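Architecture at a glance
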Amino acid sequence: MTQPARLPATYDDILALPENVVGEIVNGELIVSPRPTGPHALATSSLGVEVGGPFQRGKGGPGGWWILDEPELHLGSHVLVPDLAGWRRERMPEVPQGVAFEIAPDWVCEVISPSSARTDRGAKGLIYAKHGVRHLWIVDPIAHTLEVLRSNDGQWTLVAVHGEAEVVRAEPFEAAEVNLGSLWGL
């Protein structure tokens, strides 16, 4: 007996979810994730401070960016919620008033967990590259690593891997230092 064809998820499926989870639509499938754990939240919040000061606010860096926590990206039929995303202000002069961001970011950061690593590195990474995201950072709060990737013609190239308490200048934020130790509470 054949299974009936599964209909692609819709935005109504996301709206029907309880508030304590994050919903995304990846390749037509509804992906539901719990709220982040402590190490995940620490890494995300600390990285937002490290990058946001110099690049969004211009404190110790050039400014010129919007750096946002968990924006809801509407990229074609996909609805993705990265942990952090950044737009150069020349590409997105103002932050949209609604929930949806339809302009692909210039930079995305995914803080992975054992349950999200496959999707974040795989399907979501491919969607980001296809829609013109130029830089992807993968942060692993358990392994204490930062992977820096650059998109070339829709394909990711691993630029660097950093870890522990390194102080780095990583694409596209080479103009200021990022203290990785702060991401892990070191």
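For the structure itself, look to the data block above.
Rules and cut-offs
- Residues numbered from 1 in each chain as written.
- Predicted model: local features only at pLDDT ≥ 70, side-chain atom pairs only at ≥ 80, totals over all residues.
- Heavy atoms only, no water.
- Pairing = 2+ DSSP bridges.
- Helix = DSSP H or I, 4+ residues; strand = E, 2+ residues; numbered from the N terminus.
- Axes fitted to C-alpha atoms, helices over the stretch in contact; angles between N-to-C directions.
- Contact = heavy atoms within 4.5 Å.
- Buried < 20%, exposed > 50% of the residue type's maximum accessible area, 1.4 Å probe, protein only.
- Salt bridge = Lys/Arg side-chain N within 4 Å of Asp/Glu carboxyl O.
- Phe/Tyr/Trp six-rings, centres within 6.5 Å; stacked < 30°, edge-to-face > 60°.
- Lys NZ or Arg CZ within 6 Å of the ring centre and 35° of its normal.

**Topic: the sheet that holds strand β10 (residues 145-152)**
Spatial strand order, β3-β6-β8-β9-β10-β11: 6 strands in an open sheet with mixed pairing. With partners counted over all chains shown, the strands left at the sheet margins are β3 (65-69) and β11 (155-163), one partner each. For this sheet, the mean angle separating the axes of adjacent strands, direction not counted, is 15°. Pairing between β10 and β11: 8 bridges, direction antiparallel. Across the sheet, the residue bridging to Arg150 is Thr157, located in β11. Seen against the sheet, helix α2 (residues 38-55) touches β3, β6 (84-88), β8 (107-111) and β9 (135-140) and runs at an angle of roughly 155° to β8. Contacts from helix α4 (residues 123-130) reach β8, β9, β10 and β11 within the one sheet, and its direction differs from that of β11 by about 120°.

**A few points about the pairing of strand β4 (residues 72-75)**
Judged by which residues are buried, β4 turns out to be covered on both faces: Glu72 and His74 on one side and Leu73 and Leu75 on the other are all buried. As defined by bridge partners, β4 adjoins strand β7 (residues 100-101) across 2 bridges and the pair is classed as parallel. Opposite Glu72, over in β7, you have Ala100 as the bridge partner. Pairing of β4 with strand β5 (residues 78-80), which is carried by 3 bridges, proceeds in the antiparallel orientation. Across the sheet, residue Leu73 finds its bridge partner in β5, namely Leu80. Hairpin connection from β4 to β5: 2 residues lie between these consecutive antiparallel strands, with Gly76 at a positive phi of about 60°.

**Some points on the pattern of salt bridges**
Pairs may arise between side chains of opposite charge once their charged atoms sit close together. If you walk through the whole model with that rule in mind, you get 7 salt bridges. Between Arg35 and Glu70 there is a salt bridge, and its shortest N-O distance comes to 3.3 Å. Linking Arg35 in the loop between β2 (29-34) and α2 with Glu70 in the loop between β3 and β4, this pair joins segments that are 35 residues apart in sequence. Taking the relative accessible area as the measure of exposure, Glu70 reaches 31% and is therefore partly exposed. For Glu110, the salt bridge is made with Lys124, and the minimal N-O distance between the two is 2.9 Å. Here Glu110, found in strand β8, pairs with Lys124, found in helix α4; they are 14 residues apart in sequence, far enough to count as distant. Each member of the pair, Glu110 as well as Lys124, carries the same accessibility label: buried. When salt bridges that share partners are traced, they join Glu24, Glu110, Asp120 and Lys124 into one network.

**What about α4?**
Inspection of α4 places Lys124, Gly125, Ile127, Tyr128 and Ala129 among the buried residues, and these make up the whole buried set. Following α4 by one or two positions, Gly132 adopts a phi angle in the positive range, close to 90°.

**Some details on the side chain of His135**
Tracing the chain through its elements places His135 in strand β9. Residue His135 is classed as buried on the basis of its relative accessible area, which comes to 10%. Those residues in contact with His135, other than ones at most four positions away along the chain, are Asp106, Trp107, Val108, Leu149, Arg150, Trp156, Glu171 and Pro172.

**A few points about the packing of aromatic side chains**
Pairs of aromatic rings are described using the distance from one ring centre to the other and the angle between the two planes. Going through the model one piece at a time under the given rule, you end up with 6 aromatic pairs. With centroids separated by 5.3 Å and ring planes inclined at 85°, the aromatic side chains of Trp107 and Trp137 adopt a geometry described as edge-to-face. Taken as a pair, Trp107 in strand β8 and Trp137 in strand β9 lie far apart in primary sequence, 30 residues in all. Comparing Trp107 with Trp137, the two get one shared label, buried. Ring centres of Trp107 and Phe173 lie 5.0 Å apart, and the angle between their planes is 80°; this geometry places the pair in the edge-to-face category. Here Trp107 is found in strand β8, whereas its partner Phe173 is found in the loop between β12 (167-168) and β13 (178-179), with 66 residues between them in sequence. Both residues of the pair, Trp107 and Phe173, belong to the buried class. Cluster of aromatic residues (ring-pair linked, three or more members): Phe55, Trp65, Trp107, Trp137 and Phe173. Against the face of Trp66 rests Arg89, its NZ or CZ located 3.6 Å from the ring centre.

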